[in-house]
Amino acid sequence: MHLSDHSLRQLDEAYLSSLGEEALRVLSVKLLDDLKEARERLNQGRLTARGHPAAGHPGSGVSARAKRAKRTDSGERDLATAEPAEAKSATVKPARKAGKQPGAPGVGRTQVLRTHEEQAHYPVACAGCGRPLTEGVGTVAYTGFQAVDLHWGDPAAPGLLLWVVDTATTRPLAPAGHWTRAEAGQGVVDPLLGGITLSEWRRVGAGLATLIVALALALRFRLSRARIREFLMDGLGVTLSVGTLHQTLHEAGAAVAPDEEELAAVVLASRLLHADETSWPEQGQGLWLWAFIATTGTLYYVAGRGKELLENLLVGFTGWLMSDGWIAYRSFPRRLRCWAHLIRKARGLAESYHRDTRAFGTQVLNLLETLMAAVYAAREGPSAVDLPSQFTRELADMHAACERQRDSAHDPTRALAVELLNDWDAIFQVLRHPELPLTNNAAECALRHWVILRTLSLGTRTAVRFPSRGPACQRHRYLPPAWPLSMALSRNAPSLTDAPDGLSLPYPKGSERLLNNLLF
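About the cut-offs
- Numbers given to residues run from 1 along each chain, matching the order in which its sequence is written.
- For this predicted model, a pLDDT threshold of at least 70 governs which residues receive local features, and a threshold of 80 or more governs which side-chain atom pairs are given and counted, while totals over whole chains, interfaces and linings are taken from all residues.
- Calculated side-chain values reflect all of the structure's heavy atoms, with hydrogen atoms and water omitted.
- Burial classification: accessible surface area is computed with a 1.4 Å probe over protein chains only, and a residue below 20% of its type maximum counts as buried, one above 50% as exposed, and the rest as partly exposed.
- Only DSSP runs of H or I with at least four residues qualify as helices, and only runs of E with at least two residues qualify as strands; both kinds are numbered from the N terminus onward.
- Here, any two strands with at least 2 DSSP bridges between them count as paired.
- For every element, the axis is a line fit to its C-alpha atoms; helices are fit only across the contacting stretch, and the angle between N-to-C directions ranges from 0 to 180 degrees.
- Any angle between 65 and 115 degrees counts as roughly perpendicular, while under 35 counts as roughly parallel, over 145 as roughly antiparallel, and the rest as oblique.
- Contact definition: two residues touch when any of their heavy atoms are within 4.5 Å.
- Only Asp, Glu, Lys and Arg are considered charged, only Ala, Val, Leu, Ile, Met, Phe, Trp, Tyr, Cys and Pro nonpolar, and every remaining residue, Gly among them, polar.
- The predictor attaches a confidence to each residue, and that confidence, scored 0 to 100, is pLDDT.
- Side-chain rings of Phe, Tyr and Trp, where Trp is taken by its six-membered ring, are said to pair if the distance between their centres is within 6.5 Å; with planes under 30 degrees apart they count as stacked, over 60 as edge-to-face, and otherwise as tilted.
- Two limits define a charge over a ring: the Lys NZ or Arg CZ must be within 6 Å of the ring centre, and within 35 degrees of the ring normal.
- The rule for a salt bridge is simple: a side-chain nitrogen of Lys or Arg has to be within 4 Å of a carboxyl oxygen of Asp or Glu.
- The criterion for a disulfide is a pair of cysteine sulfur atoms lying within 2.5 Å.
- N or O atoms closer than or at 3.5 Å make up a polar contact, with two conditions inside protein: a donor-capable atom paired with an acceptor-capable one, and, for residues adjacent in sequence, both atoms drawn from side chains.
- If you view the pair so one helix is near and one far, a crossing is left-handed when the near helix is turned anticlockwise from the far one by less than a right angle, and right-handed when it is turned clockwise.

*Asks:* Talk me through the pairing of strand S8 (residues 298–303); I want residue IDs and the actual numbers.
*Replies:* Burial of S8 is extensive: five of the six residues sit out of reach of the surface. Linking strand S7 (residues 288–293) back to S8 in an antiparallel pair, the connection comprises four residues.

Following this line, the structure appears as structure tokens:
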């Protein structure tokens with residue numbers, strides 16, 4: 001909508017008569033667009049999927065309230081005609097509605113913070129005729145909010161400074177007599193994050209939001225909302241509700257969502273990609289948390305465990321894919337298998353009480369350990385070594401043993417034999433390329449923190465949006481000059497003084513250093 005309720009109430013015949021031809025044309029276009037949008041909203045949902053009018057919508061013939069009244073009348077008639085049964089109490093206490101009851105006393109903020117800075121925001125143009133407005137001329141402040149932020153000190157005065165900003169939104173008077181209000185900007189949110197909004201009207205600034213994210217999701221902390229509240233009260237002297245902290249975490253996750261496209265491109269262009277997944281229950285759904293680790297970035301997704309995510313994300317991927325034995329990965333021709341899983345299973349069989357199982361497990365374990373030593377030696381050698389030709393006989397004996405055990409009555413033995421046969425090329429691909437890794441340890445380490453945090457975060461989709469660059473930077477001992485969360489909050493936080501799809505509020509200098517040091 002171009003015109004708010006406040007602007008629309010001021011439009012009358014006298015105001016229209018005072019406008020020139022060009023201003024009238026601009027206002028007419030706005031009114032036409034608003035009329036079409038209002039008509040579309042009116043018609044939306046009028047018909048159900050079966051083509052019948054939806055109850056409660058215009059044109060349905062019978063409103064939802066009338067239907068409820070009809071059911072009530074019918075029920076009363078049935079009770080009146082029925083034979084009297086066992087006497088019941090004349091007064092039945094209605095069921096108590098969940099949540100806060102009407103008339104209950106409210107709880108508001110009682111803490112008063114000293115203001116460090118005042119900001120006034122002005123609309124750029126008249127909402128009616130579209131003519132530009134002069135800042136500060138005929139302006140009246142009509143509302144405002146107070147934001148709490150964190151600023152870093154300088155080398156002469158290091159530390160954190162709690163910074164309070166009083167923001168006033170104004171309404172200047174246009175030459176034609178129309179009052180236009182400055183409205184808080186709204187950001188675009190990923191549709192998957194339903195119920196989350198990005199708005200400049202918020203209590204927590206970007207710098208303080210960075211600290212809250214670090215306290216909730218950091219490798220060293222993993223604090224709950226209540227513990228974060230205690231930390232802020234004791235350490236910074238600021239009181240924030242648990243609901244405000246919860247909202248801040250969700251908004252911060254939505255703010256970094258646009259970085260996923262850039263990270264997906266990094267993953268797709270990687271020459272070596274580690275992938276792994278772990279269960280991630282979310283609101284009763286059996287979802288999975290996927291981790292894709294490239295050289296310069298780590299991408300997380302919450303999705304099902306099938307092939308759909310891999311087929312959509314890795315379209316055109318031509319590098320090496322390191323994974324475990326999950327069947328969803330088998331469609332990639334340039335694939336590597338993690339030997340740690342195989343060694344663990346072989347060691348278990350080697351300790352079995354069954355003679356044939358123990359012999360097969362020992363054979364697999366000895367072969368893998370011998371080949372692993374050969375791969376390490378080839379990496380340090382001066383020239384390339386043809387390992388497949390060097391171990392032709394051992395590999396042939398191993399393949400024959402797997403063929404014999406693929407019909408074994410012992411389930412673990414049969415499972416390992418079939419797994420080796422199905423992934424034979426992927427398992428021993430490293431013999432042709434000794435420089436490639438033998439294990440998927442990078443992906444498992446990337447998931448370990450989130451497995452620990454899984455219970456505390458309750459499987460929220462927002463939580464896993466943050467760690468997409470930190471692990472890679474930490475592995476390579478490199479901390480970027482600006483952590484992506486700081487850039488995302490700065491880029492995506494809407495501003496009252498900018499265009500709706502425009503820029504952002506300034507991000508506190510040095511806050512990215514705080515998150516780099518705490519989160520990873």
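Now that the structure has been shown, the text picks up again.
*Asks:* Outline the packing of helix H6 (residues 225–235) against helix H7 (residues 242–255), supporting the account with residue identities and numerical values.
*Replies:* Where H6 contacts H7, the two axes come as close as 9 Å, and the packing angle between them is 105°. Taken together, the axes of H6 and H7 are roughly perpendicular relative to one another. Across from Arg225, Ile228, Arg229 and Leu232 in H6, the residues of H7 making contact are Val242, Leu245, His246 and Leu249. Residues belonging to the contact of H6 with H7 are distributed by class as follows: five nonpolar, one polar and two charged.

*Asks:* Residues and numbers for the confidence of the model for the protein chain, please.
*Replies:* Mean pLDDT over the protein chain stands at 76; residues scoring 70 or higher make up 76%. Between residues 68–82, whose pLDDT stays under 50, and residues either more than four places distant or in other chains, the model counts zero contacts. Per-residue pLDDT stays below 50 along residues 467–520; that stretch engages in 138 contacts with residues further than four places along the chain or on separate chains.

*Asks:* Go over the environment of Ala125, please, and point to the residues and values.
*Replies:* Tracing the backbone shows Ala125 in the loop between strand S1 (117–121) and strand S2 (139–154). Classification of Ala125 by relative accessible area gives partly exposed; the value is 29%. Separated by 56 residues in sequence, Ala125 and Arg181 have C-alpha atoms that sit 10.0 Å apart. Apart from the residues within four sequence positions on either side, Ala125 is in contact with Gly130, Arg131, Pro132, Leu133 and Thr180.

*Asks:* Talk me through the packing of aromatic side chains; I want residue IDs and the actual numbers.
*Replies:* Taken as a whole, this structure holds six aromatic pairs when the rule is applied. Ring geometry for Trp290 versus Phe292: centroids 6.1 Å apart, planes at 5°, classification stacked. Note on Trp290: relative accessible area 0%, which makes it buried. Relative to Phe428, the ring of Trp424 lies with its centre 4.7 Å away and its plane at 55°, an arrangement referred to as tilted. Take Phe428: its relative accessible area is 6%, and that puts it in the buried class. Here the aromatic residues Trp290, Phe292 and Tyr329 are joined through ring pairs into a cluster of three or more. The ring of Trp288 carries Arg305 above its face, with NZ or CZ at 4.2 Å from the centroid.

*Asks:* Explain the sheet that holds strand S10 (residues 335–337) to me, and be specific about the residues and the numbers.
*Replies:* On the basis of which strands lie adjacent, the open sheet formed by five strands has the order S8-S7-S6-S9-S10 and mixed pairing. Strands with a single pairing partner mark the edges of an open sheet, and in this sheet they are S8 and S10. Strand after strand, the sheet turns through a mean of 25° between neighbouring axes, direction not considered. As paired elements, S7 and S8 share six bridges and run antiparallel to each other. If you follow Trp288 over to S8, its bridge partner there is Ala303.

*Asks:* Would you mind going over the pattern of salt bridges in detail, with residue names and values included?
*Replies:* A complete count under the given rule lists 14 salt bridges for this structure. The shortest N-O distance in the salt bridge between Asp397 and Arg393 comes to 3.8 Å. Taken together, the positions of Asp397 and Arg393, both in helix H13 (residues 392–405) and four residues apart, correspond to about one turn of that helix.

*Asks:* Can you lay out the sheet that holds S2 for me, pointing to particular residues and giving the numbers?
*Replies:* Strand order across the open sheet formed by three strands is S1-S3-S2, with mixed pairing between neighbours. Looking along the sheet, the strands with just one partner apiece sit at the ends: S1 and S2. For this sheet, the mean angle separating the axes of adjacent strands, direction not counted, is 20°. Examined bridge by bridge, S1 and strand S3 (residues 157–172) share five bridges and lie parallel to one another. Across the sheet, the residue bridging to Glu117 is Val165, located in S3.

*Asks:* Tell me about the state of the cysteines, and name the residues and values.
*Replies:* Applying the stated criterion across every chain yields a total of zero disulfides. Distance from the sulfur of Cys129, which forms no disulfide, to the nearest cysteine sulfur (Cys126) is 3.8 Å.

*Asks:* Lay out the environment of Leu208 with the relevant residues and their values.
*Replies:* Relative to the assigned elements, Leu208 resides in helix H5 (residues 206–217). The class of Leu208 is buried, set by a relative accessible area of 0%. Residues Leu208 and Leu150, 58 residues apart in the sequence, show an inter-C-alpha distance of 5.1 Å. Ignoring any residue separated from it by four or fewer positions in sequence, one finds Leu208 in contact with Val148, Asp149, Leu150, Leu232, Leu236 and Leu240.

*Asks:* Any details on the pairing of S3? Residues and values, ideally.
*Replies:* In summary, the side chains of a regular strand alternate between the two faces of the sheet. Inspection of the sheet shows S2 paired to S3 by 14 bridges, in the antiparallel sense. For Gly144, the partnering residue across the bridge sits in S3 and is Ala168. Where S2 folds back on S3, the antiparallel hairpin that results is connected by two residues.

*Asks:* Requested: an account of the side chain of Asn440, with residues and values cited.
*Replies:* Summarising the element assignment, Asn440 is placed in the loop between helix H15 (424–427) and helix H16 (441–457). The class for Asn440 is buried, based on a relative accessible area of 1%. A distance of 3.0 Å separates the side chain of Asn440 from the side chain of His274, its partner in a polar contact. Ignoring anything within four residues of it in the chain, the contact list for Asn440 reads His274, Ala275, Asp276, Met322, Ser323, Asp324 and Cys338.

*Asks:* Before we move on, could you go through the packing of H13 against helix H14 (residues 411–422) and cite the residues and values that matter?
*Replies:* Where H13 meets H14, the closest approach of the two axes is 8 Å, and the angle between their N-to-C directions is 130°. With respect to their mutual orientation, H13 and H14 come out oblique. The two elements H13 and H14 meet at a crossing, and its hand is left-handed. Contact residues: H13 offers His399, Cys402, Glu403 and Gln405, while H14 offers Thr413, Arg414, Ala417, Leu420 and Leu421.

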